[in-house]
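# Close look at the chain arrangement
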Amino acid sequence: MNKMKVALVGLGRIGKIHLKNLCRNFPEIEVVAVMNVFDESKAIADEYNIPVFVKDFDELLAVDGVDAVVICSPTDTHADYVIKAAKAGKQIFCEKPLDLSLDRVQDVLQIVKECDVKLMLGFNRRFDPEFKKIRQLVTDNAIGNPQIIKITSRDPGPPPVSYIKVSGGMFLDMTIHDFDMARYISGKQVKEVFAKGAVMVDPEIGNAGDIDTAIITLTFEDDTMAVIDNCRKAVYGYDQRLEVFGSKGMAQAENNFPNNHKLYTEAGVSGDLPLHFFLERYDASYNQEIREFIDALVSGSEMPVDGNDGLQSIAIGLAAKKSVAVGRPVKMSEIL
Ligand SMILES: NC(=O)c1ccc[n+]([C@@H]2O[C@H](COP(=O)([O-])OP(=O)(O)OC[C@H]3O[C@@H](n4cnc5c(N)ncnc54)[C@H](O)[C@@H]3O)[C@@H](O)[C@H]2O)c1
């Protein structure tokens, strides 16, 4: 059987994870080429015996027989690369977000549709075993009708201000995962967003025009509510918790720890801090999302996270931004 040929672009934090998984865990595919703008990244390609390393996306697309492209480059390249890949007839996995402009996202999705290729967005948390289990409990009706979804999502520390300036802001860069999680868990559409934001971690983040601490309330079409709390800095590490409360009970996913030991002494009870950040906490999810991308390509089934999921999360992020700016709840109909 011919192996599916995959090319990958962007060899930073997330690109290296996807490259490792693609090369080590999926014998049914072959990574035939990678692209990065810097020569130094060739060493990473060599480490995985990738036959072709290029510094230009058109050259990557021109590599013989490429079936699918995995896009892990910076956010401001995603829309261009997705359009080029679609026009070249490639199947596409693209990291979130697709773009920071809703109009641009809509244009990209139209082109993807016209080119009749598949597009999956990298909302990896849907593939986390803990959160998948909670979703399963919801769909199995184990907790009855969901009434309140609570998502805690706090980073161990903020990224550099240079990153924040081009990130699109906390809602589009960080909370976008939580918006997608709320949609995934509820399986419903958001109708209204009410957000409060503040600068409490670093005044430089405020000077860059962003916030670092926020609470967002989402109201779904059936009046289910989700509350998300975010902070760019939690001194005890990466805080990722989820709770769904419903008419028959409640389901919770706690933080993940490197081990489950507890030390009990007369001074108190202690244990290790949560897994430090996303590369550790969501390691299994990155592998599983690529597994499901490949499976969907092989079977011809729908992508588990599609372009519309990408669009909806960006629209919710823009509604949250507007809500902070105008100080009132914002209806999704004002945005989309
Ligand atoms: N799903 C997740 O959990 C997750 C986590 C982190 C980042 N991301 C997303 O992945 C993307 C990359 O983030 P990162 O943290 O890996 O960034 P990064 O800065 O660590 O890596 C970006 C890589 O792209 C390369 N690059 C720069 N300009 C390029 C260009 N024009 N064409 C091709 N490659 C180029 C850089 O050299 C670098 O290797 C972002 O869109 C980010 O939002 C997603």
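Here's a quick rundown of the structure.

Turning our eyes to something else, we now look at the overall build of the chain. Looking only at helices and strands, the chain features 13 helices and 15 strands. In terms of overall size, the chain behaves like a compact globule, its C-alpha atoms giving a radius of gyration of 20 Å where 336 residues would be expected to give roughly 20 Å. When the backbone C-alpha atoms are referred to their principal axes, the chain occupies close to 60 × 55 × 45 Å. Taken over 336 residues, the chain has a buried fraction of 51%. Counting only contacts in the chain whose residues sit at least 6 apart along the sequence, the fraction spanning at least 24 positions is 70%. About 15300 Å² of surface is accessible on the chain, with carbon and sulfur atoms providing 50% of the total. Averaging the locations of the 38 positively and 49 negatively charged side chains of the chain gives two centres separated by 3 Å.

We now examine the pattern of salt bridges. A complete count under the given rule lists 23 salt bridges for this structure. With a closest N to O distance of 3.0 Å, Arg154 and Asp239 form a salt bridge. Placement of the pair is Arg154 in strand β7 (residues 146–154) and Asp239 in strand β11 (residues 239–246), with a sequence separation of 85 residues. On the basis of relative accessibility, which here comes to 21%, the residue Arg154 falls in the partly exposed class. Across the pair Arg291 and Asp295 runs a salt bridge, and its minimum N-O distance is 3.1 Å. A residue pair is termed a helical-turn pair when its members lie 3 or 4 positions apart in one helix, as Arg291 and Asp295 do in helix α12 (residues 283–299) at four residues. When salt bridges with common partners are traced through the structure, they connect Arg126, Asp180, Arg183 and Asp309 into a single cluster.

This paragraph deals with the site of the ligand. In the vicinity of the ligand there are 25 residues, among which Arg13, Thr75, Tyr81, Glu95 and Tyr286 approach most closely. Separating an oxygen atom of the ligand from a backbone N or O atom of Gly12 is a distance of 3.1 Å. Ile14 is positioned with one of its backbone polar atoms (N or O) 3.0 Å from an oxygen atom of the ligand. The protein chains hide 82% of the 840 Å² of surface that the ligand would expose on its own. Comparing atom positions with the cavity grids shows the ligand to sit within the largest pocket. Residue assignment for the shell around the ligand shows that the elements contributing at least two residues are α1 (13–25) and α4 (75–87).

Turning our eyes to something else, we now look at the environment of Leu109. In this fold, Leu109 is placed in helix α5 (residues 102–115). For the pair Leu109 and Leu119, spaced 10 residues apart in the sequence, the C-alpha separation amounts to 8.8 Å. Ignoring anything within four residues of it in the chain, the contact list for Leu109 reads Leu98, Leu119, Gly307, Asn308 and Leu311.

This brings us to the sheet that holds strand β5 (residues 91–94). Spatial strand order, β3-β2-β1-β4-β5-β6: six strands in an open sheet with parallel pairing. Both outer strands of the open sheet, β3 (52–54) and β6 (119–121), are each paired with one neighbouring strand and no more. Neighbour to neighbour, the strand axes of the sheet diverge by 20° on average, direction disregarded.

Of the pockets and cavities examined, the largest pocket occupies roughly 1000 Å³. Looking at the largest pocket, it is lined by 42 residues, and the ones nearest its centre are Arg13, Ile14, Thr75, Tyr163 and Asp173. A total of five residues in the lining of the largest pocket trace back to one element, the largest contributor, which is α4. Taken as a whole, the second largest pocket spans an internal volume of roughly 280 Å³. In terms of lining, the second largest pocket is formed by Leu109, Val112, Lys113, Val117, Lys118, Leu119, Glu302, Met303, Asp306 and Gly307. In terms of residues, the lining of the second largest pocket owes the most to one element, α5, which gives three residues.

One way to put it is that helix α9 (residues 175–186) packs onto helix α13 (residues 307–326) with a least axis distance of 9 Å and a crossing angle of 115°. The way α9 lies across α13 gives a crossing that is right-handed. Residues Ile176, Phe179, Asp180 and Arg183 of α9 lie in contact with α13, whose contacting residues are Asn308, Asp309, Gln312, Ser313, Ile314, Ile316, Gly317 and Ala320. Grouping the constituent residues of the contact of α9 with α13 by class yields five nonpolar, four polar and three charged.

Taking 1.5 Å of rise per residue, the 17 residues of α12 would be expected to cover 24 Å, and the 25 Å separating its terminal C-alpha atoms lies within 8% of that figure. Among all positions in α12, only Ser285, Tyr286, Glu289, Ile290, Glu292, Phe293, Ile294, Ala296 and Leu297 are buried.

Conventions and cut-offs
- Residues numbered from 1 in each chain as written.
- Predicted model: local features only at pLDDT ≥ 70, side-chain atom pairs only at ≥ 80, totals over all residues.
- Heavy atoms only, no water.
- Helix = DSSP H or I, 4+ residues; strand = E, 2+ residues; numbered from the N terminus.
- Rg over C-alpha atoms; globule rule 2.2 N^0.38 Å.
- Buried < 20%, exposed > 50% of the residue type's maximum accessible area, 1.4 Å probe, protein only.
- Contact = heavy atoms within 4.5 Å.
- Areas by Shrake-Rupley, 256 points an atom, 1.4 Å probe, with all protein chains shown as cover.
- Lys, Arg positive; Asp, Glu negative; His and termini not counted.
- Charge placed at Lys NZ, Arg CZ, Asp CG, Glu CD.
- Salt bridge = Lys/Arg side-chain N within 4 Å of Asp/Glu carboxyl O.
- Near = heavy atom within 4 Å.
- Polar contact = N/O pair within 3.5 Å; in protein donor to acceptor, adjacent residues only side chain to side chain.
- 1 Å grid on protein atoms, 1.4 Å probe; cavity = no way out; pocket = protein on both sides within 12 Å on 5 of 7 lines; lining within 4 Å.
- Sits in = over half its atoms within 2 Å of the grid points.
- Pairing = 2+ DSSP bridges.
- Axes fitted to C-alpha atoms, helices over the stretch in contact; angles between N-to-C directions.
- Points joined across faces, edges and corners; volume = space filled by probe spheres on them.
- Left-handed = near helix turned anticlockwise from the far one by under 90°.
- Nonpolar A, V, L, I, M, F, W, Y, C, P; charged D, E, K, R; others polar.
- Expected span 1.5 Å × (residues − 1).

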